[in-house]
Amino acid sequence: MPTGRRGGKARPASSGCAHCARSPRPAISRASRRSCATDCRRRQRQRRAARTKRRRRDERGAPPPATPGKGLRPLQPRPEAAPAKVNLYLRVTGRRADGYHMLDSLAVFAAAGDVIEAMPADALSLSVTGPEAGALADEPDNLVLRAARALADHAGLRAGAALTLQKNLPVASGIGGGSADAAAALRALNVLWGTALDTAALRGIAARLGADVPVCVESRATRMQGIGEILSAVLPLPRFGLLLVNPRIALPTPAVFKARRGDFSPPAELPDRIADAAALADWLRPLGNDLQTAAIGLCPAVAEVIAAIAAQPGCLLARMSGSGATCFGIFPDESAAESAARALPPAWWRQGGGLAAPTAPATP
Ligand SMILES: C[C@@](CO)(OP(=O)(O)O)[C@H](O)COP(=O)(O)OP(=O)(O)OC[C@H]1O[C@@H](n2ccc(N)nc2=O)[C@H](O)[C@@H]1O
Ligand SMILES: Nc1ncnc2c1ncn2[C@@H]1O[C@H](COP(=O)(O)OP(=O)(O)O)[C@@H](O)[C@H]1O
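Everything numeric here is computed off the predicted structure, so don't read it as measured data.

1. A few points about the site of ligand 1
Here is step 1: Surveying the vicinity of ligand 1 reveals 20 residues, the closest of which are Lys85, His101, Ala211, Asp212 and Ser323.
Here is step 2: Between ligand 1 and the protein, one listed contact pairs an oxygen atom with a side-chain N or O atom of asparagine 87 at 3.2 Å.
Here is step 3: According to the grid-proximity analysis, the pocket containing ligand 1 is the largest pocket.
Here is step 4: Where the shell around ligand 1 is concerned, the elements lending two or more residues are β1 (80-95), β2 (101-119) and α6 (253-259).
Here is step 5: Each residue belonging to the shell around ligand 1 can be placed in one class, and the counts come to 8 nonpolar, 10 polar and 2 charged.

2. Describing the site of ligand 2
Here is step 1: In the vicinity of ligand 2 there are 17 residues, among which Glu139, Asn142, Ala172, Gly176 and Gly178 approach most closely.
Here is step 2: Separating a nitrogen atom of ligand 2 from a side-chain N or O atom of lysine 167 is a distance of 2.9 Å.
Here is step 3: Among the detected pockets, ligand 2 sits in the largest pocket.
Here is step 4: In terms of residues, the shell around ligand 2 owes the most to one element, helix α3 (residues 177-192), which gives 4 residues.
Here is step 5: Classifying every residue of the shell around ligand 2 by side-chain character gives 6 nonpolar, 8 polar and 3 charged.

3. Remarks on the packing of aromatic side chains
Here is step 1: In the structure shown here, the tally under the stated rule is 1 aromatic pair.
Here is step 2: Look at tyrosine 89 and tryptophan 283: their rings are 5.9 Å apart centre to centre, the planes differ by 85°, and that puts the pair in the edge-to-face class. Residue tyrosine 89 is located in strand β1, and its partner tryptophan 283 is located in helix α7 (residues 277-284); the two are separated by 194 residues in the primary sequence. Note on accessibility: tyrosine 89 and tryptophan 283 belong to one class, buried.

4. So, the nonpolar core
Here is step 1: The biggest cluster of nonpolar side chains holds 39 residues, and the ones touching the most others in it are Ile116, Leu163, Leu186, Leu189, Trp193, Leu209 and Val215.
Here is step 2: Take this core: its biggest share by element is 9 residues, from α3.
Here is step 3: Here leucine 189 is in contact with Ala118, Ala148, Leu151, Ala161, Leu163, Gly194 and Thr195, once residues within four sequence places are set aside.

5. Section: unusual backbone geometry
Here is step 1: With an omega dihedral of 5°, the bond running from glycine 324 to alanine 325 counts as a cis peptide bond.
Here is step 2: Considering the arrangement of structural elements, one finds alanine 325 in the loop between β8 (317-320) and β9 (327-331).
Here is step 3: Positive phi is not limited to glycine here, since serine 219 has a value of about 50°.
Here is step 4: Within the secondary structure, serine 219 sits in the loop between α5 (213-218) and β5 (222-225).
Here is step 5: Unusually for a residue other than glycine, arginine 248 sits at a positive phi of about 65°.

6. Topic: the confidence of the model for the protein
Here is step 1: Residues with a pLDDT of 70 or more make up 79% of the protein, whose mean pLDDT is 85.
Here is step 2: With pLDDT under 50 throughout, residues 1-38 is counted as low confidence; its partners more than four residues away or in other chains account for 34 contacts.
Here is step 3: Across residues 57-67, confidence stays below pLDDT 50; counting only partners more than four residues off in sequence or on other chains, it has 8 contacts.

7. Some details on the side chain of threonine 359
Here is step 1: Take threonine 359: it is sitting in the segment after β10 (349-353).
Here is step 2: On the accessibility criterion, threonine 359 (17% relative accessible area) is buried.
Here is step 3: Of note is the side chain of threonine 359, whose polar atom sits 3.2 Å from the side chain of arginine 187.
Here is step 4: Not counting the four nearest positions on each side in its chain, threonine 359 is found in contact with Glu80, Ala81, Pro83, Arg187, Cys216, Val217, Glu218 and Ser219.

8. Some thoughts on the side chain of histidine 101
Here is step 1: One can find histidine 101 in strand β2.
Here is step 2: Of the residues examined, histidine 101 reaches a relative accessible area of 10% and is grouped as buried.
Here is step 3: In terms of polar contacts, histidine 101 uses its side chain to reach the side chain of arginine 95, at 3.4 Å.
Here is step 4: A polar side-chain atom of histidine 101 sits 3.4 Å from the main-chain carbonyl oxygen of glycine 99.
Here is step 5: The residues touching histidine 101, leaving out its near neighbours within four places in the chain, are Val92, Gly94, Arg95, Gly226, Ile227, Phe257 and Arg260.

9. A look at the sheet that holds β10
Here is step 1: Pairing is antiparallel in the open sheet, where 4 strands are placed in the order β8-β9-β7-β10. Lying at the two open borders of the sheet, with one neighbouring strand each, are β8 and β10. Looking at each pair of strands side by side, their axes are set apart by 15° on average, direction ignored.
Here is step 2: Pairing geometry for strand β7 (residues 241-246) and β9, over 5 bridges, is antiparallel. Among the inter-strand pairings, leucine 243 is bridged to a residue of β9, identified as glycine 329.
Here is step 3: Here α7 sits on the sheet and contacts β8 and β9; the angle it forms with β9, its principal contact strand, is near 135°.
Here is step 4: Packed on one face of the sheet, helix α9 (residues 301-310) meets β7, β8 and β9 and runs near 15° to β9.

10. Description of helix α4 (residues 199-207)
Here is step 1: Within the sequence span of α4, burial applies to Thr199, Leu202, Arg203, Ile205 and Ala206. Buried positions in α4, seen along its axis, are confined to an arc of 160° and lie on one side of it.
Here is step 2: Buried positions along α4 lie against α2 (143-155), α3, α5 and β6 (230-233).

The rules behind these values
- Residues numbered from 1 in each chain as written.
- Chains lettered and ligands numbered in written order.
- Predicted model: local features only at pLDDT ≥ 70, side-chain atom pairs only at ≥ 80, totals over all residues.
- Heavy atoms only, no water.
- Near = heavy atom within 4 Å.
- Polar contact = N/O pair within 3.5 Å; in protein donor to acceptor, adjacent residues only side chain to side chain.
- 1 Å grid on protein atoms, 1.4 Å probe; cavity = no way out; pocket = protein on both sides within 12 Å on 5 of 7 lines; lining within 4 Å.
- Sits in = over half its atoms within 2 Å of the grid points.
- Helix = DSSP H or I, 4+ residues; strand = E, 2+ residues; numbered from the N terminus.
- Nonpolar A, V, L, I, M, F, W, Y, C, P; charged D, E, K, R; others polar.
- Phe/Tyr/Trp six-rings, centres within 6.5 Å; stacked < 30°, edge-to-face > 60°.
- Buried < 20%, exposed > 50% of the residue type's maximum accessible area, 1.4 Å probe, protein only.
- Core = buried A, V, L, I, M, F, W, Y, C linked by side-chain atoms within 4.5 Å.
- Contact = heavy atoms within 4.5 Å.
- pLDDT = per-residue confidence, 0-100.
- Pairing = 2+ DSSP bridges.
- Axes fitted to C-alpha atoms, helices over the stretch in contact; angles between N-to-C directions.
- Arc of directions from axis to C-beta.

So this is what it looks like as structure tokens:
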């Protein structure tokens, strides 16, 4: 008759160890059988102790100890892309009582970007590498660490991680590098810590870190409204080449919003269909970037960069992204954008190519 165990599979009775009903091979010695029985008694004692501890904790109503969740944890760090955000148009539609501006913008994500990696560790740490790392040397509170703390708080964890940021994007440059890094850290730690939050929950945490962070969770073409937290899917965009150029002058976002003058703009009207890169540029042309004039006032090099991009063969539109000073050009394809990048002054930061693959599944 099978000797069943509570909630487990029935095991056959045997002449082996009396405690675990393990059936030793006939060749096994008496000494081995004795040692098996000793092991089993020890395991039984450990299981009993654990059950007693759990029961006592339940009786006290205490929560389980704060440790990372039990989801999948990568043995090797999976590099998490943090693609640059580009505002194809940006309209300032109003201002809230707290000083934040209401926006209407179409954000896309370039193949160029930073990279985050997260490894298991007892404490939280960040090491910054890459060509633009120097600009963050004096950063007192990197957005990557702020994102990690925000996720741990949300999940009620006391968890650590050794984070690495490969900083390729210029800092304070209107392409949301810090926001992309924060969003990538949330995604990487959501896996490492097994917190398994969905995209909508990650966006909620992201919104507490900065206006641009929610859109960077998925990194797909998205219309941003409100102060950046109201996100809606857009019609499929045609394939096009994207050139990014920064004159290597940092432009802080608050200063540009402060310098903006003039009326607010109405939101854009989105077409049903955009046939190709030329039609995309034609639609975007009148929509503008309402921060561009203010940015040029603070940093005249922005006008120089826009003129240089516009003069490249095949350029369909040249404009500033976000609060600058990075500017972008739309080209018929990736190779035209790459050629234009090579033709521009090497003293500028230039990246030509296409769009990034989305970094998270689309939110329903
Ligand atoms: C302008 C945009 C357009 O995508 O991009 P960037 O130029 O930063 O890349 C964003 O709205 C920037 O978002 P983000 O850089 O996350 O801004 P936050 O850290 O939240 O805010 C920095 C400061 O910018 C101003 N700010 C930001 C967003 C907004 N909708 N209205 C504002 O007035 C506020 O002065 C705020 O104190
Ligand atoms: N990982 C990070 N990358 C860039 N900037 C960061 C980061 N962490 C904190 N910051 C701070 O955030 C500010 C905005 O950075 P960034 O996102 O690069 O600007 P923008 O949104 O204009 O492209 C920087 O001036 C810097 O002080």
